Every structure is written in structure tokens, then in C-alpha cells.
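Chain by chain, the residues run as shown.
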Amino acid sequence: MAVNPNFAAPPGARQSREPLTTRMIRATETDTRMLGMLGALLLIWICFHIFSDGRFLTPRNLWNLSVQTSSVAIMSTGMVLIIVTRHIDLSVGSILGFVAMIMGVTQTAFLPDFLGANNSFTWALTLVAGMLAGAAIGGLHGYVIAYLGVPAFIVTLGGLLVWRGAAWWVTSGQTVAPMDDNFRLMGGGPYGAIGAFWSWVVGAIACAGIVSMIAIGRRNRQRFNFPLRPVLAELTLALAGCAAVLGAVAVANSYAWPRGIVNRYATANNIEVPEGGLFIAHGIAIPVLIAVCVGIIMTFVATRTRFGRYVFAMGGNPEAAELAGINTRWVTMKIFILMGVLCAIAGAISTARLNASTNAQGTLDELLVIAAAVIGGTSLSGGIGTISGAIIGALVMQSLQSGMVLLGVDAPFQNVVVGVVLVLAVWLDGLYRRRSV
Amino acid sequence: MNLSETGASDKVVEMQDCSISFGGIHAVDHASLDLHKGEVVALLGHNGAGKSTFIKLLSGAYKRDSGDIRVRGEKAIINNPRDAKAYGIETIYQTLALADNVDTAANLYLGRELRTAWGTLDDVAMEASAREVMGRLNPRFQRFKEPVKALSGGQRQSVAIARAILFDAQILIMDEPTAALGPQETAQVGELIKQLKADGISIFLISHDIDDVFELADKVAVMKNGQMVGTAPLDAVTRDEVLGMIILGKCPAGAIPGPGAMLD
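Residues numbered from 1 in each chain as written. Chains lettered and ligands numbered in written order. Predicted model: local features only at pLDDT ≥ 70, side-chain atom pairs only at ≥ 80, totals over all residues.

Caption draft 1: Expanded view of the overall build of chain B. For chain B, the count of helices and strands is nine helices and eleven strands. For 264 residues, the compact-globule formula gives about 18 Å, and the C-alpha radius of gyration of chain B, at 19 Å, lands near that figure. Seen along its three principal axes, the alpha-carbon backbone of chain B occupies a region of about 60 × 40 × 40 Å. Across the 264 residues that make up chain B, the buried fraction comes to 49%. (Helix = DSSP H or I, 4+ residues; strand = E, 2+ residues; numbered from the N terminus. Rg over C-alpha atoms; globule rule 2.2 N^0.38 Å. Buried ≥ 20, exposed ≤ 12 C-beta atoms within 10 Å, placed from the backbone.)

Caption draft 2: Spotlight on the overall build of chain A. In terms of regular secondary structure, chain A is built from 18 helices and zero strands. For 437 residues, the compact-globule estimate of 2.2 N^0.38 gives 22 Å, and chain A sits close to it at 23 Å. With the C-alpha coordinates aligned to their principal axes, the bounding extent of chain A is approximately 70 × 65 × 45 Å. When burial is assessed residue by residue, chain A has 42% of its 437 residues classed as buried. For chain A, the proportion of contacts with a sequence separation of at least 24, taken over those separated by at least 6, is 80%. (Contact = placed C-beta atoms within 7 Å.)

Caption draft 3: Highlighting helix α5 (residues 92-115) of chain A. Residue and element names in this part refer to chain A. By the largest-angle criterion, Thr-106 marks the main kink of α5, which is about 45°. Across the 24 residues of α5, 17 count as buried, placing the element largely inside the fold. The first or second residue beyond α5 is Gly-116, which carries a positive phi of 80°. (Bend = angle between axes of the 7 residues up to and from the residue.)

Caption draft 4: Expanded view of helix α6 (residues 153-165) of chain B. Under the 1.5 Å per step criterion, the end-to-end length of α6(B) is 19 Å for 13 residues, consistent within 8% with the ideal 18 Å. Packing partners of the buried residues in α6(B) comprise β6 (89-92), α4 (104-108), α5 (123-137), β7 (171-175) and α7 (183-198) of chain B. (Expected span 1.5 Å × (residues − 1).)

Caption draft 5: Examining the domain arrangement of chain B more closely. All names here are of chain B. In terms of domains, chain B is made up of domain 1 (3-88 + 169-257) and domain 2 (102-167). A straight line from the C-alpha centre of domain 1 to that of domain 2 covers 27 Å. The interface of domain 1 with domain 2 comprises eleven residues on the first partner and eight residues on the second. Ranked by residue count, the leading element in the side of domain 1 that touches domain 2 is α7, at five residues. Considered class by class, the residues forming the side of domain 1 that touches domain 2 number eight nonpolar, two polar and one charged. (Domains from an automatic or database assignment. Nonpolar A, V, L, I, M, F, W, Y, C, P; charged D, E, K, R; others polar.)

Caption draft 6: A look at the domain arrangement of chain A. All names here are of chain A. What the domain assignment reports for chain A is domain 1 (32-193 + 285-436) and domain 2 (194-284). Using only C-alpha atoms to locate each centre, domain 1 and domain 2 end up separated by 25 Å. With ten residues of domain 1 at the interface, the matching set in domain 2 holds eleven residues. Those elements that provide at least two residues to the side of domain 1 that touches domain 2 are α4 (59-84) and α12 (286-304). Sort the elements by how many residues they give to the side of domain 1 that touches domain 2 and α4 lands first, with four residues. The residue inventory of the side of domain 1 that touches domain 2, partitioned by class, reads nine nonpolar, no polar and one charged.

Caption draft 7: Structural detail: the pairing of β6(B). All names here are of chain B. Covered by surrounding structure in β6 are Ile-89 and Thr-91 together with Glu-90 and Ile-92, the residues of both alternating faces. Strand direction decides the pairing type here: β6 and β7, joined by four bridges, are parallel. In the sheet register, Thr-91 faces β7, and the bridge partner there is Ile-173. (Pairing = 2+ DSSP bridges.)

Caption draft 8: Highlighting the sheet that holds strand β1 (residues 11-22) of chain B. Residue and element names in this part refer to chain B. Pairing in this open sheet of four strands is antiparallel, and the strands run β2-β1-β4-β5 from one edge to the other. Either end of the sheet is taken by a strand with one partner, and the two such strands are β2 (25-36) and β5 (74-75). Inspection of the sheet shows strand β4 (residues 66-71) paired to β5 by two bridges, in the antiparallel sense. When the sheet's bridge partners are listed, Arg-70 is paired in β5 with Lys-75. The sheet contacts of helix α2 (residues 51-59) involve β1, β2 and β4, and relative to β1 the element is tilted by about 120°. (Axes fitted to C-alpha atoms, helices over the stretch in contact; angles between N-to-C directions.)

Caption draft 9: How the structure looks around the packing of α5(A) against helix α6 (residues 122-146) of chain A. Residues and elements named next belong to chain A. Axis separation between α5 and α6 bottoms out at 9 Å; the angle between their running directions is 140°. With respect to α6, the axis of α5 lies oblique. Our pair here, α5 against α6, has a crossing hand that is right-handed. Only Thr-122, Leu-125, Thr-126, Ala-129, Gly-130, Ala-133, Gly-134 and Ile-137 of α6 make contact with α5, whose side of the interface consists of Ile-95, Val-99, Ile-102, Met-103, Thr-106, Gln-107, Leu-111 and Leu-115. Tallied by class, residues from the contact of α5 with α6 come to ten nonpolar, six polar and no charged. (Parallel < 35°, antiparallel > 145°, perpendicular 65-115°, else oblique. Left-handed = near helix turned anticlockwise from the far one by under 90°.)

Caption draft 10: Structural detail: the interface of chain A and chain B. If you look at the interface, chain A gives 24 residues, while chain B gives 19 residues. Counting only elements with at least two residues in the side of chain A that touches chain B, the list comes to α9 (195-223), α13 (306-316) and α14 (318-323) of chain A. Looking at which element gives the most residues to the side of chain A that touches chain B, the answer is α13(A), with six residues.

Caption draft 11: Here's a closer look at the pairing of β1(B). Residues and elements named next belong to chain B. Two elements, β1 and β2, share eight bridges in a ladder whose sense is antiparallel. Of the residues in β2, the one forming a bridge with Ser-21 is His-26. What sits between β1 and β2 in their antiparallel hairpin is a turn of two residues, with Gly-23 showing a positive phi close to 65°. Note: β1 against β4, five bridges, orientation antiparallel. Each residue of the ladder has a partner; that of Met-15, found in β4, is Ile-69.

Caption draft 12: Structural view of the nonpolar core. Core analysis: the largest hydrophobic core is formed by 181 residues, its most contacted members being Leu205(B) and Val220(B). Sorting elements by how many residues they give to this core places helix α15 (residues 328-354) of chain A first, with 16 residues. The residues touching Leu205(B), leaving out its near neighbours within four places in the chain, are Val40(B), Val41(B), Ala42(B), Leu43(B), Met174(B), Leu216(B) and Ala217(B). (Core = buried A, V, L, I, M, F, W, Y, C linked by C-beta atoms within 7 Å.)

Caption draft 13: A look at the packing of α12(A) against α15(A). Residue and element names in this part refer to chain A. Between α12 and α15, whose axes approach to 10 Å, the crossing angle comes to 165°. It follows from the interaxial angle that α12 and α15 lie roughly antiparallel. You can see that α12 and α15 cross each other, and the crossing is left-handed. Of the residues in α15, those touching α12 at Pro-287, Ile-290 and Val-294 are Leu-342, Ile-345 and Ile-349. A class-by-class count of the residues in the contact of α12 with α15 yields six nonpolar, no polar and no charged.

Caption draft 14: Structural detail: the sheet that holds β6(B). All names here are of chain B. The seven strands lie next to each other as β6-β7-β8-β3-β9-β10-β11, forming an open sheet whose pairing is mixed. Unpaired on one side and paired on the other, β6 and β11 (256-257) mark the two borders of the sheet. Pairing between strand β10 (residues 227-233) and β11: two bridges, direction antiparallel. From the neighbouring strand, Thr-231 faces β11, where its bridge partner is Ile-256.

Caption draft 15: A look at unusual backbone geometry. Residues and elements named next belong to chain A. Cis geometry marks the peptide bond from Ala-177 to Pro-178; its omega dihedral reads -10°. When you line up the elements, Pro-178 lands in the loop between α7 (152-171) and α8 (181-184). Of note in the backbone geometry, Ser-172 takes a positive phi value of approximately 55° without being a glycine. Structurally, Ser-172 can be placed in the loop between α7 and α8. In this model, Asn-270 sits at a positive phi of 55°, which is unusual for a non-glycine residue. Residue classification places Asn-270 among the exposed positions, given that 6 C-beta atoms sit within 10 Å.

Written as C-alpha cells, this is what we have:
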């Protein structure tokens, strides 16, 4: 195809003098910041692996890590939008606790009266009830912040106290347990994973998605005669994406069910257990699948919709956004509603995993969520941040914590490390940004 | 359109007796001004004379305390920038009002993004038309992928102007459009204003530069201390007389005096 000469790439002479990696990064338009974060994550993993005598990079540990990360990762995707618009939400842990309590009571005390125990709709109705409650709470916060002009820090600090108190008040402090059988699948565990076959199916769909997105992007650029990425770069991107997906599926599929559960399952289904035990793979855990879906949807919302565009424009220059005719108050309120819904989803996962809702659930989660977003490159001065970065940030935080548990580090010292890493990460990020702008 | 009913000839904007104060300061004090179709009205005055504030009442950035605004003869309710845009009023602000962290195309279409059939942002189409509009305005401009923060003052100015002309504005407010520009770019903006005027667009031009004003405008209005000194067709006054209006508030014979005119 004919490339319009006006859009020609920078002079070739400059390119050939650069090392191969630099040219590669330029050609694939890779976000070097993201690359650095993945490198840091890998470094953390390898260090823990060495110091724990090879117990960190095992299918079992990685699988558990992925499940433990889900809840914070889901909330951090919403926190990105909040921080991008120069707000903050200190109440997410308390909202999670209160909504989890509501969902606990809904499925144990309320719905069984109408549907009977373990009805197959119970989990869905419970989740919807939780999401509505989360949306209402987020909407209330958003209304006070956007329309009454109270700073988000204060509103959500109030929310932190109010909803934690409200969580206690739902059952007067009693723990609600056990949960509905189907609802519990959202928390992971051997039954809360989709198994080897469906994991491969999901992996194949994801690979097809990656390839078709690259292809569609290329076709769109061709349509308008924009400069294209080299074919080799596109192929590298596609291959790297597919390899990462299939690698993750392979890891999840090599983590077998524990022997006791396999034997019970075999007895229940009349399967003969062969010599040396039966291998049944976990596959991808349902909470991880939920978190990945949330990540994809939130990335779509942030980058492909008007709402997302407004969020970033408001973060870059709130006055300009208002003058451009954006209804900034309503957008702000919508962001907080979204945050409330995400808290409910995260609350469902954590309730299902605990098989109980307690009034202390989610305590201090707000700090983990904010830290994940900030480590993931969200700038507190607004306008900058990515969903994928926040998810990796959540993974970094969780890796540090579970790695230290594996090494037997004392709990108080774990907090010291996490705190130092947070400050260090933001300092390094600041250095990187100042150099690149 | 009921122009004949109101008998308002071809007035597209009538600002009548508008006031706004901040605390105890009367930033705009009972000021009135009309704009006819296809006319360029220059608004002059010292720093702090209230020009920008007065015009922001029309663009919806501020809400007036009292007074009426009529657009095409009908009483207009303008409480925020969205209301003003609904009347076809576009503004290029002195502060440029760009979102620094997003790219040129996103800024050009901020507030009314092009969307695909599925309701998602059509970034490719927006970039294509951004390239076309910017190509007309500033042919050497190539940095479409970068956030506007990375652009020079002149380039940012072109983005702000392109933003206003992209949307078929019928009434255009330009607040110091050439403040950040070099001589060549200033000349381009001058050409652009003439072209827009020929297309029947009515323009309020706020400027410091009296040469610009005499080259581009049909009518001049001068403000001082929040009050209107007077308005005059440009062929009825000299440069010195306009300077006298700005500096002394003295209204010459060819001008229609306003409430702010110095009484002899």
C-alpha cells in the first residue's frame, strides 16, 4: 500500500545506530514503563524462588497467588479511574465489608425462605443485590463529592467509618456462615476452578482475541493511510501475547487437586483411582477469571468509551473538561458508582473464599488497593494511569506478601517491607517520568 | 427562526445590561453589546477591564448575576458551557483549555467524540480528521500521537483554534487567539478569521493588539473597569481615538457612548 510521505517514520540513519532492543521496543510501540514493571515482578518472583528453596515458582503457589490477588486487583481497576480524576477513595475496604455482610445475609437468611437452600439462582441474585448496594453507596459518595463539593478524601474517610460500623450493625457483629454452594465457586478452590479442558478453551479464545485485535488495528490504520508497525513487530507482539496466555493456562493446568479431594470425587462419581493417584487439574480459578474479565471490561471502558475519555481529560485539566461541555459532576458520580460495584464483586469473591462474611472483612484493603494502583503507575496528580498497570501492581503487592509468608517473615516486618516498596516504587516512577518528558 | 417577529434584524447575539461580581468587585457592571451575523466585533480594554469575564457570561463559563442574553432574538438560558454550545457558541479560551495529558485528536473532539456503530470511540476517524484540519491550519504539524503537553505554545494554539472551527460554530468567541503565536502564525489566524467571517460566522474577538483589530474587525467595543466605554464602527474612529477610549475612557464623536464613558 502507498504510505503518505508526510507520515514517514523518523530518519533511518538514527534507527540503525540504536541497539536492537531499542529498535524493537520502538517498533512494537511497547510501553517501557509496563515492561519495567513486569521485569520487577519477575525479579521479585525469582528472588523469592531462590530464597525459599524453590517453593515460590510452583504451580501451586502461583495458582494461589492468582486467587489471592483477584479481590484487590478488581478494586484497583476502579481506583485507577478515581485517582486519575484527582480523587481518592479510602472507603473501599469498608464498602467491601458492608456489602459482603449484605450478601451473606441475603443468601443465608433471606433468599432460602423463597428459593430453598442452594437454589441455582441464589448466587446470581445475591451478587446482583450486592452490586446494587455497592452502586448505591458509591453513588451516595459520588453525589456528595461532585454535587455538594465535599473533598473525596473527607467523604470517603467518613465512609470508611460509616460502612465499617454498618457492617457490624447488619448482624450485630455475628459472622455469617456457611455460604451457598454455588456462590462459593466464586472463591476458587478445587471446585471453584474450570478444569483443564475449559482452561485451554479460554486460552484459545484469548489468543484468537489478541491476534484479531492486532489485525483489526492494522486494518484500521491502513484504511486511513496512517504509518504501520513493521510486520515483524506485529508478529512478535502476537506471539508474546499468546505465549503468555498459554503459559499461564499450562501453569494452572499442572496444579493437581489434592489427593483427599480427588479420592472423594472419585468415590462419588464411581471412578477407579489408578495406581499412583488420579491427576485432576485445577485449571483457571473462577475468581481469577472474574478478575481478568473485569480487567478487560475496565480497560475497554477506560480507553474505548466516551466515559473513559472524559475521565482522563478531567484528570489532565478539570477546567478544560468543564469548558469543553463535559458534565464533569455526573462523570465523577459515575466513577464512584463504578467503584462501589467493583467493591461488591471483590466482596463476593472474598466472602466466597472465606465461606463466611465477617464484619472485619476488607479491613485495610483500601491501602492495598491504592498502593496497587500507584505502584501500577497511576499518578496521584491526576491524568495518568492504566488498568493493566494497576492489576500488575496488585500482583506485585500480593507476591511480596505471600512470598514473605513462604519465607516465614514475621507479620510486622512484612508491613515494613510493603511500605518501603511502595515508597520506593513511586520514587523510581517519578525519576522515570521526569527523564522521559 | 423568528427574526421577523422580534424585529431584531440580523442580530445573532444581544447581551443586555449584564453584571457579575466576585465578592465586592463588580467585574462586569451593566455592560451591553450586540453581534450581527457575519460580523467581527473586537472587544478591547486594559488587563482587568472585564473583557474576558464579560465574554465568559456568553460562553457559559460564568453565570451572570443580572441582565439578559438573547441569541438569534430569543432569550437564551446559559448556565454552563454545555448550554452555550447548544446555541452554537464556541469559545477559544485565553488559557487554551486543553486537556494536557491526551493527544491532539482527543482534544479536538473533547465533549463530542466520534463514535463507531457500537458506540465506542472511533479514534482512527478522529485522528484522520484531526490530521486534515491541522493540515489546513498548520501544515508542518506532525505530532499527533503525543499528549498536547509536549507541544509548543503555537502548536497548542493551533489545536485550540482547530477545536473551535471543527464544529461548525455559528458564534465564535476568540479570547486573545494570537497571544502565544509568532508573526507567521498570527497572520494565519488573521486569514482564518477572514475566512470564517466570509462563511457567515459571527465572531467576538478579544485582543490587545490594536493593529490586528483594525485589520480584522468591523466594530470595536471598549471596556474599562468592568463598564462599557462605548462601541463604534471601525471606519468612524481613528486608532488614537480607540486608544483614548482604552486608556482614558473618553468616548469620541464617532462612537456610541456606554455607561463607562468619561463625562466631560
